Amino acid sequence: ALKDLAKFPIGMEVSAANQERSIFNYPSQLPTIEKHFNSLVAGVIMKMSFLHPNENEFFYTDADKLNAYAIDHNMLLHGHTLIWHWDSQIPPWMKKYTGDWSAMLNNHVTQICTHFAGKVSSWDVVNEALDESDPSGFRQSIFYQRIGKKYIENAFVAARKADPNAVLYYNEYNIESSDTKLNLLLTMLDDFKSRNIPVDGVGFQMHLDLFNPSIDQIKRSFKAVADRGYKIRISELDMPVNYNSTLVLSDAVAQQQKERYKSIVKAYLDSVPESQRTGITFWGLVDGESWYNFIGLPAKEWPLLFNDDYSPKPAFYGVAEAL
Ligand code: XIL
């Protein structure tokens, strides 16, 4: 089992894109989850619009159920995510909010972290706040527009205060692919460190493909963050491969995917010191449930480790061999 091969948590995103096949409605997936994984993350139900549907209303029922399942099965539940710009997952009331935005977001973070304190051991506090194509370096999200870049540090300070034991992550994509974006991240982290803003780790999403970035670049990026002492999780690993829009996954491509997964896991082991390796999470279990198959791509995708019948793909063995 994957979790027995690793010295750090092996995680997966549950209740993927297709809500009807969520973990609770679709129990046939549970044996595979319980065999291989010891860490879970909710793909959707712990995002802003789900946990905080109205200004004075928080909704914890579904997340608590997932949390109880994780605790029952000796799995960690990683919280994803307190603040994210994705339009459809920002609650409508928030978009229309006209009061004090800093106080409002502070309350959002405080309430949620307080509710899950002692049960959710780590959080993606802020997700995807950087944008290398914007002159400011920051994504022009509604949070940035209302508050400025200070919303990021405010969120970390509020999270630490509400749950001093939670491990707090900044989560981002393309920091292993774009040196410009990596440098924005490092500048932000160095600034935070100089002012004691509590960031414990960095989540590298790593929605990758077969070719880019190079393994060398991935290693350099891990190392730059690891050298500064941060914990590093690979937080959303997956790998679409169907760039030719074929109807079936050929053996050749499946092998390429295996080798690529293997070298990515090796890169993590080679460049992040053991004490800073806090886990690898795959963004879903079976290919058919991957978010890539629900975002309108021209063809089916096979980004994950398992076939739809839960049999392991070559990619699975690539990860297992590297671990
Ligand atoms: C995706 C989920 O997988 C989808 O089900 C949802 O509709 C949209 O969000 N980066 C992230 C994740 O940080 O939260 C995203 O998850 C994928 C990209």
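Everything below is about the structure printed above this text.
Residues numbered from 1 in each chain as written. Predicted model: local features only at pLDDT ≥ 70, side-chain atom pairs only at ≥ 80, totals over all residues. Heavy atoms only, no water.

A.B. asks: Even after reading the chapter, I still don't get the site of the ligand, so can you show me in this structure?
C.D. replies: In the vicinity of the ligand, 15 residues are found, and the nearest of them are Lys 47, His 80, Asn 127, Glu 236 and Trp 283. One of the side-chain nitrogen or oxygen atoms of His 80 is found 2.7 Å away from an oxygen atom of the ligand. Side-chain polar atom of Glu 128 to a nitrogen atom of the ligand: 3.3 Å apart, as the coordinates give it. When the ligand sits alone it has 410 Å² of accessible area, and the protein chains cover 89% of it. Classifying every residue of the shell around the ligand gives five nonpolar, six polar and four charged. (Near = heavy atom within 4 Å. Polar contact = N/O pair within 3.5 Å; in protein donor to acceptor, adjacent residues only side chain to side chain. Areas by Shrake-Rupley, 256 points an atom, 1.4 Å probe, with all protein chains shown as cover. Nonpolar A, V, L, I, M, F, W, Y, C, P; charged D, E, K, R; others polar.)

A.B. asks: For this particular structure, what's the right way to read helix α4 (residues 61-72)?
C.D. replies: Side chains of residues three or four places apart in an α-helix project in the same direction, reflecting 3.6 residues per turn. Given a rise of 1.5 Å per residue, twelve residues ought to cover 16 Å, and the 16 Å separating the end C-alpha atoms of α4 matches this to within 8%. Those residues of α4 not exposed but buried are Ala 63, Leu 66, Asn 67, Tyr 69 and Ala 70. Angular distribution of buried residues about the axis of α4 spans 160°; they occupy a single face of the element. In α4, the exposed positions that point more than 90 degrees away from the buried face belong to Thr 61 and Asp 72. Contact partners of the buried residues in α4: β1 (10-14), α2 (30-36), β2 (39-42), α3 (48-51), β3 (76-84) and α6 (101-116). Looking at the residues trailing α4, positive phi occurs at Asn 74, about 55°. (Helix = DSSP H or I, 4+ residues; strand = E, 2+ residues; numbered from the N terminus. Expected span 1.5 Å × (residues − 1). Buried < 20%, exposed > 50% of the residue type's maximum accessible area, 1.4 Å probe, protein only. Arc of directions from axis to C-beta. Contact = heavy atoms within 4.5 Å.)

A.B. asks: Help me understand the packing of helix α10 (residues 215-226) against helix α11 (residues 251-271) in this model?
C.D. replies: Any two packed helices are characterised by how steeply their axes cross, that is the angle between the axes, and by the distance between the axes. Here α10 crosses α11 at 30°, and the two axes come no closer than 9 Å. Viewed along their axes, α10 and α11 adopt a mutual orientation that is roughly parallel. Of the two possible hands of crossing, α10 and α11 adopt the one that is right-handed. Two secondary-structure elements touch here, α10 through Ile 215, Ile 218, Lys 219, Phe 222, Lys 223 and Ala 226 and α11 through Arg 260, Ser 263, Ile 264, Ala 267, Tyr 268, Asp 270 and Ser 271. Along the lines of polarity and charge, the residues of the contact of α10 with α11 split into seven nonpolar, two polar and four charged. (Axes fitted to C-alpha atoms, helices over the stretch in contact; angles between N-to-C directions. Parallel < 35°, antiparallel > 145°, perpendicular 65-115°, else oblique. Left-handed = near helix turned anticlockwise from the far one by under 90°.)

A.B. asks: Would you explain unusual backbone geometry in this entry?
C.D. replies: Glycine aside, residues mostly have negative phi, and peptide bonds are mostly found in the trans state. In this chain, His 80 is followed by Thr 81 through a cis amide linkage whose omega measures 0°. Take Thr 81: it is sitting in strand β3. Residue Pro 213 follows Asn 212 across a cis peptide bond; omega there is -5°. Positive phi values are uncommon outside glycine, yet Ser 245 reaches one of about 50°. Relative to the assigned elements, Ser 245 resides in the loop between β7 (231-237) and α11.

A.B. asks: Looking at this structure, how should I read the sheet that holds strand β6 (residues 201-204)?
C.D. replies: The strands that make up a sheet are held in pairs by hydrogen bonds between backbone atoms, and each pair lies either parallel or antiparallel. Taken together, eight strands build a closed barrel; the order of strands is β1-β2-β3-β4-β5-β6-β7-β8 and the barrel is parallel. Adjacent strand axes in the sheet meet at a mean angle of 25° when their direction is disregarded. Pairing analysis gives four bridges linking β1 to β2, with the strands arranged parallel. Looking at the pairing, Glu 13 lines up with Val 41 of β2. Contacts between helix α8 (residues 150-162) and the sheet are confined to β3, β4 (122-127) and β5 (167-172), with β4 contributing the most and set at about 165° to the helix. (Pairing = 2+ DSSP bridges.)

A.B. asks: Mind showing me how you'd approach the environment of His 85 here?
C.D. replies: Of note, His 85 is situated in the loop between β3 and α5 (92-95). Expressed as a C-alpha distance, the spacing of His 85 and Asn 74, which sit eleven residues apart in the sequence, is 32 Å. Discounting chain neighbours no more than four positions away, the residues touching His 85 are Ile 90, Asn 127, Glu 128, Arg 139, Ser 141 and Phe 143. Among the polar contacts listed, one links the side chain of His 85 to the side chain of Arg 139, at a separation of 3.4 Å.

A.B. asks: I tried to follow the packing of aromatic side chains on my own but got confused; where do I start?
C.D. replies: By convention here, two paired aromatic rings are described through the distance between centres and the angle between planes. On inspection of all chains with the given rule, the structure shows 19 aromatic pairs. By the ring-pair criterion, three or more aromatic residues cluster together here, those being Trp 93, Tyr 97, Trp 101, Phe 143 and Tyr 151. One Lys or Arg, Lys 65, reaches over the ring of Phe 24 and ends 4.5 Å from the middle of that ring. In this structure, Arg 233 packs its charged tip against the face of Tyr 169, placed 5.7 Å from the ring centre. (Phe/Tyr/Trp six-rings, centres within 6.5 Å; stacked < 30°, edge-to-face > 60°. Lys NZ or Arg CZ within 6 Å of the ring centre and 35° of its normal.)

A.B. asks: Would you mind showing me how to read the pairing of β3 here?
C.D. replies: Every other side chain in a regular strand lies on the same face of the sheet, so the side chains alternate between the two faces. Most of β3 sits inside the fold, with eight of its nine residues counted as buried. Here three bridges tie β2 to β3, and the two strands are oriented parallel to one another. Counterpart to Val 41 in the pairing with β3 is His 78.

A.B. asks: Could you clarify how one ought to interpret the pattern of salt bridges in this entry?
C.D. replies: Between side chains of opposite charge, a pair can form as their charged atoms come close. Inspection of every chain in the model, using the stated rule, returns 13 salt bridges. The salt bridge partner of Asp 87 is Lys 95, with a shortest N-O separation of 3.3 Å. Residue class for Asp 87 comes out exposed when judged on its relative accessible area of 51%. Using a relative accessible area of 30% as the deciding quantity, one classes Lys 95 as partly exposed. Between Lys 258 and Glu 321 there is a salt bridge whose closest N-O contact spans 3.0 Å. Of this pair, Lys 258 sits in helix α11 while Glu 321 is found in helix α12 (residues 314-322), placing the two residues 63 residues apart along the sequence. Note on Lys 258: relative accessible area 14%, which makes it buried. (Salt bridge = Lys/Arg side-chain N within 4 Å of Asp/Glu carboxyl O.)

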